[in-house]
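Notes for the structure review
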Amino acid sequence: MAYLLIVQNGQNLRSEFDSYLQFISVLIIFIVVLGATYYATKWMANYQKGADIGKNIEVVETCKISATKYVQIIRIGNRYVAIGVSKDQIVNLGDVLSDELMLNTGEKENMSFKDILEKIKGEKKK
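Read on for a plain summary of the structure. (Residues numbered from 1 in each chain as written. Predicted model: local features only at pLDDT ≥ 70, side-chain atom pairs only at ≥ 80, totals over all residues. Heavy atoms only, no water.)

1. Details of the pairing of strand E4 (residues 90-96)
Where strand E3 (residues 79-85) meets E4, six bridges bridge the pair, whose relative direction is antiparallel. For Val85, the partnering residue across the bridge sits in E4 and is Ile90. Adjacent in sequence and paired antiparallel, E3 and E4 are bridged by four residues. (Pairing = 2+ DSSP bridges. Helix = DSSP H or I, 4+ residues; strand = E, 2+ residues; numbered from the N terminus.)

2. Quick look at the sheet that holds E3
If you walk across this open sheet you meet the four strands as E1-E2-E3-E4, and the pairing is antiparallel. Looking at which strands have only one partner, the edges of the open sheet turn out to be strand E1 (57-66) and E4. Within this sheet the neighbouring strands show an average axis-to-axis angle of 20°, counted without direction. Sheet topology places E1 next to strand E2 (residues 69-76); eight bridges connect them, and they run antiparallel. Bridge pairing in E2 links Ser66 to Lys69. (Axes fitted to C-alpha atoms, helices over the stretch in contact; angles between N-to-C directions.)

These results come straight from atomic positions and should not be treated as a statement about function.
Structure follows, in C-alpha cells:
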C-alpha cells in the first residue's frame, strides 16, 4: 500500500516536471518568434528606406481634403507639380513655380521617445 502511494507521488512529480518543461519550451519558442519578428521588421524598414534614396520623385506636401481625396505637391526632377489623388484616379492640377512654394529647407528634428515625453510633461505642468 505504501509502495503504491510512493509510485503515485513519483508519477505526479514527473507530470508536474513535464508541465513546467513544456511551459518553458513554449516560452522560449515565443521569445524566439518575437525576436525574429522584430529583426525582420527592422530589416524591412531599412530596406525600404534605402530604396527611396537617390530618386527624382519626392512628395513635398500632402493636404487631406476628405476621407479618400488628397492634394499633393510633388517634385519631379526640378519641377513641382500639384496633383489630386482620390481612391480611383490621379489628376494633374498643374505646375507650381518653385518660388511660389514655402519650402522647409531645414532638416527634420529627430527626437527620441524620451525627449517627446519630457516635452509633453513640461507642457502639462504649465
